[in-house]
Amino acid sequence: MKRILLQKTFVLILIALNTACGVHMDEKKMMANEIEGVKNVFAPDKRTALFNIEVLDGPSGFTLVGETNLPKAIDSLKIVLKEKGINAKNEVRILPANDLEGMTKAIINISAANLRSNPKHSAELATQATLGTVVNVLKKEGDWYLIQTPDMYLAWVDPGGIQLMTEEDVAQWTASEKIIYTNTYGHAFTSIDAKNRVSDLVAGSLLKVLNSDDNFFEVEFPDSRKAYVSKEEALEYNTWLSNLDYQADSLIETSRTLIGVPYLWGGTSTKGVDCSGYTKTIYFLNGMVIPRDASQQVHAGMPIDSVSDFSKLEKGDLLFFGRKATETTSEKVVHVGMWIGDNQFIHASEMVRISSVDKDSPNYDEFNVGRYLRTQRLLNQEDPLLKNLNIIKPLKN
């Protein structure tokens with residue numbers, strides 16, 4: 001009889017433990033689902049938002065660990081978990097990291113900084129940022145810095161590509177008089193005799209103005225190097241800004257100056273471009289910041305066509321190409337070009353080139369016409385994904 005009672009007691013204990021374990025596992029699963037839900041709302045695109053959170057299950061209960069640059073997302077997650085009656089210790093690191101010691105801003109210090117997908121030179125080239133661009137600095141790993149560009153792209157840069165600064169330093173840089181380099185490619189020199197070079201320059205490079213005469217600007221780099229730039233190759237930034245007309249013909253004029261520039265995966269400068277880096281650069285040199293990748297650009301602006309009715313298109317529209325949706329696969333955007341009229345579009349494919357949608361044209365692009373998806377109009381459209389430099393505000397952490 002005693003043995004039977006012990007057996008029953010043991011069974012009841014096992015049932016209680018299994019029930020508690022089941023409830024515990026259910027809570028952990030619920031937390032994972034809530035984390036995913038918050039991530040889908042605040043950080044649906046890992047290219048532009050960081051939200052790497054997971055749950056640790058220890059003797060003292062649940063702990064949230066990981067990192068994010070979205071404190072509002074963490075606040076939302078804590079509210080949701082509280083409403084569900086789930087207790088969890090919060091050890092999530094909010095970026096920018098404290099060990100940056102206030103150096104949470106930086107300015108690109110070379111003509112075109114190569115930004116990598118991981119903190120090493122052998123990693124994929126994710127994108128580029130040109131001289132004078134202000135970026136957020138989120139954390140440091142080894143000698144590399146995780147930064148966020150004005151188009152919100154997250155990538156890693158080595159220390160040679162940036163000049164670290166405080167918020168106050170960047171405010172002074174932003175308020176200073178600057179020039180913008182307008183030639184496709186050139187150099188800054190140590191003196192007006194233009195013999196010794198300080199750096200190369202690409203279209204869109206920004207430099208602080210110290211002085212000027214009839215022929216040259218005396219300029220300063222973010223790291224305080226001084227140089228001279230020909231006035232034939234640059235404009236005062238505010239003059240350039242005030243002359244922006246946001247017209248399609250200006251986009252086309254700019255696009256043609258880059259014909260023949262080589263294709264470079266991850267490139268967004270006049271040294272080399274990929275397809276979306278090319279359209280992004282064209283728009284930037286005409287005063288607009290647009291999303292980085294083709295799969296992001298396709299969501300910006302106003303839909304124009306999705307049935308190959310090219311008569312609807314206007315100069316400056318962006319054409320998107322890729323894999324059409326089927327019953328078992330979703331649409332995938334992999335290429336983009338810009339409409340320039342006369343049944344032609346300009347795009348980076350092996351090099352920057354002009355192609356036609358007219359099958360009777362000698363530059364007919366049968367391959368891309370066959371995978372055409374849709375066209376979007378970005379020029380002069382009201383959209384949170386599009387920013388005009390005339391009204392753009394400094395990037396906030």
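Every residue gets a number counted from 1 within its own chain, in the order that chain's sequence is written. For this predicted model, a pLDDT threshold of at least 70 governs which residues receive local features, and a threshold of 80 or more governs which side-chain atom pairs are given and counted, while totals over whole chains, interfaces and linings are taken from all residues. Only heavy atoms go into the side-chain values, all of them from the structure, while hydrogens and water stay out.

Visitor: Would you mind going over the side chain of Lys-178 in detail, with residue names and values included?
Guide: Every helix listed is a DSSP run of H or I at least four residues long, and every strand listed is a run of E at least two residues long, numbered separately from the N terminus. Its place among the elements puts Lys-178 in strand β12 (residues 178-181). Exposure categories follow from relative accessible area, calculated using a 1.4 Å probe and restricted to protein chains: below 20% of the type maximum is buried, above 50% is exposed, and the middle band is partly exposed. Charge counting follows a simple rule: Lys and Arg are positive, Asp and Glu are negative, and His as well as the terminal groups are ignored. Each reported salt bridge corresponds to a side-chain nitrogen of Lys or Arg within 4 Å of a carboxyl oxygen of Asp or Glu. Within the buried core, Lys-178 has no salt-bridge partner, and the shortest N-O distance to an opposite charge, that of Glu-177, equals 9.6 Å. Here a polar contact is taken to be a pair of N or O atoms separated by no more than 3.5 Å, where protein atoms must pair a possible hydrogen donor with a possible acceptor and residues adjacent in sequence count only if both atoms sit in side chains. For Lys-178, the side chain forms a polar contact with the main-chain oxygen of Ser-176, separated by 3.1 Å. Those residues within four positions of Lys-178 in sequence are excluded, and the remaining contacts are Trp-173, Leu-207, Lys-208, Val-209, Leu-235, Glu-236 and Tyr-237. Contacts between residues were defined by any pair of non-hydrogen atoms, one from each residue, lying within 4.5 Å.

Visitor: Describe the sheet that holds strand β24 (residues 332-341), listing the residues and the values that go with them.
Guide: In short, DSSP must find at least two bridges between two strands for them to pair. Within the open sheet, the six strands sit side by side as β22-β27-β23-β24-β25-β26. Their pairing is antiparallel. Across the chains shown, the open sheet's two edge strands, defined by having one partner strand only, are β22 (302-305) and β26 (351-356). Neighbour-to-neighbour, the strand axes of the sheet open up by a mean angle of 35°, direction not taken into account. When strand β23 (residues 318-323) meets β24, the two strands line up antiparallel, connected through six bridges. Across the sheet, residue Phe-320 finds its bridge partner in β24, namely Val-336. In this analysis an axis means a line fitted to C-alpha atoms, helices contributing only their contacting stretch, and an angle means the value between N-to-C directions, from 0 to 180 degrees. Strands β24, β25 (344-349) and β26 of the sheet are contacted by helix α5 (residues 248-256), whose axis makes an angle of about 110° with β24.

Visitor: Go over the nonpolar core with me, naming the residues and quoting the values.
Guide: The tendency in soluble globular proteins is for nonpolar side chains to be buried as a group. For this analysis, a nonpolar core means a set of buried residues of the types Ala, Val, Leu, Ile, Met, Phe, Trp, Tyr and Cys, connected via side-chain atoms within 4.5 Å. Core analysis: the largest hydrophobic core is formed by 37 residues, its most contacted members being Tyr-278, Tyr-283, Leu-318 and Met-338. Elements represented by at least two residues in this core include exactly α4 (237-242), α5, α6 (275-284), β21 (288-289), β23, β24 and β25. Filtering out sequence-adjacent residues up to four positions away, Leu-318 remains in contact with Thr-279, Tyr-283, Ile-290, Gln-297, Val-336, Gly-337, Met-338, Arg-374, Thr-375, Gln-376 and Leu-378. Residues Ala-129, Leu-146, Tyr-153 and Val-157 belong to the second largest nonpolar core, which totals 23 residues.

Function cannot be inferred from these measures alone, as they are strictly geometric.
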